[in-house]
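# Structural description and commentary
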Amino acid sequence: MDSPTQNTSLQRLQNVEKRIIKVLELAGGVMDELANPAGPRKESIDNHCREFMQSIKDIQVTLRDEIKSACEYRPFEKCDYNSRIANEICLEKLKYTLSQLDGMKETISKYNSEA
């Protein structure tokens, strides 16, 4: 049975997943606005980008907290090898996701500095 700590951690990661979907929707909204035949509305793009950046920051904070928590929490110390490996793989996936989000943040910063 899952402990309350594991359950809340899973819930936080599921919320991150939902926020990532929202971020992608925001990025799509900016792309739609840029493709508008009448020309993009600056205030709309600014609002989307501002919300996008805040969401990225929130996602990064949550992922960093979860990575830190995963490093401190060692539920598989007395269990078999497969469980430990599964835990390490999940940790690496979280680190990779965080690095991808950092890359997106840099791209957005470059875009904003050019605009």
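Look up a bit, the structure's there.
Residues numbered from 1 in each chain as written. Predicted model: local features only at pLDDT ≥ 70, side-chain atom pairs only at ≥ 80, totals over all residues. Heavy atoms only, no water.

The next thing to look at is the overall build of the chain. The secondary structure content of the chain amounts to three helices and zero strands. Along the chain, helices (α) and strands (β) appear in the sequence α-α-α when read from the amino end. For the chain, buried positions account for 23% of its 115 residues. Once local pairs closer than 6 in sequence are excluded, the contacts in the chain between residues at least 24 apart make up 72%. Summed over all atoms, the accessible surface of the chain reaches about 8300 Å², with 55% contributed by carbon and sulfur. (Helix = DSSP H or I, 4+ residues; strand = E, 2+ residues; numbered from the N terminus. Buried < 20%, exposed > 50% of the residue type's maximum accessible area, 1.4 Å probe, protein only. Contact = heavy atoms within 4.5 Å. Areas by Shrake-Rupley, 256 points an atom, 1.4 Å probe, with all protein chains shown as cover.)

Considering only enclosed or pocket space, the second largest pocket measures out at about 210 Å³ in volume. Leu-26, Ala-27, Val-30, Met-31, Leu-34, Cys-49, Phe-52, Met-104, Thr-107, Ile-108 and Tyr-111 together form the lining of the second largest pocket. Looking at the lining of the second largest pocket, the elements that each hand over two or more residues are helix H1 (4-34), helix H2 (42-72) and helix H3 (81-114). With five residues, the top contributor of residues to the lining of the second largest pocket is H1. Its residues assigned to classes, the lining of the second largest pocket shows ten nonpolar, one polar and no charged. (1 Å grid on protein atoms, 1.4 Å probe; cavity = no way out; pocket = protein on both sides within 12 Å on 5 of 7 lines; lining within 4 Å. Points joined across faces, edges and corners; volume = space filled by probe spheres on them. Nonpolar A, V, L, I, M, F, W, Y, C, P; charged D, E, K, R; others polar.)

Here the focus is H3. Look at H3: 50 Å from first C-alpha to last across 34 residues, which is about the 50 Å you get at 1.5 Å a residue. Of the residues making up H3, those classed as buried are Leu-91, Leu-94, Leu-98, Leu-101 and Ile-108. (Expected span 1.5 Å × (residues − 1).)

This paragraph deals with the environment of Asp-65. Here Asp-65 is to be found in helix H2. Among the residues examined, Asp-65 registers a relative accessible area of 46% and is labelled partly exposed. Residues Asp-65 and Ser-9, spaced 56 residues apart in sequence, show a C-alpha to C-alpha distance of 9.7 Å.

With that out of the way, let us pick up the nonpolar core. Among the nonpolar cores identified, the biggest contains 15 residues, and Val-23, Phe-52, Ile-56, Ile-59, Leu-63, Ile-67 and Leu-101 are the most heavily contacted of them. Element by element, the count of residues in this core is highest for H2, at seven residues. Residues in contact with Val-23, not counting those within four places in the same chain, are Phe-52, Ser-55, Ile-56 and Ile-59. (Core = buried A, V, L, I, M, F, W, Y, C linked by side-chain atoms within 4.5 Å.)

A few words on the pattern of salt bridges. Summed over the entire model, instances satisfying the criterion amount to five salt bridges. Taking the shortest distance from any N to any O, the salt bridge between Glu-33 and Arg-41 comes out at 3.0 Å. Using a relative accessible area of 8% as the deciding quantity, one classes Glu-33 as buried. Overall, the relative accessible area of 45% leaves Arg-41 in the partly exposed class. As a salt-bridge pair, Asp-46 and Lys-42 come within 2.9 Å of each other at their nearest N and O atoms. Note that Asp-46 and Lys-42 are positioned in helix H2 at a spacing of four residues, about one turn of the helix. Among the residues examined, Asp-46 registers a relative accessible area of 30% and is labelled partly exposed. (Salt bridge = Lys/Arg side-chain N within 4 Å of Asp/Glu carboxyl O.)

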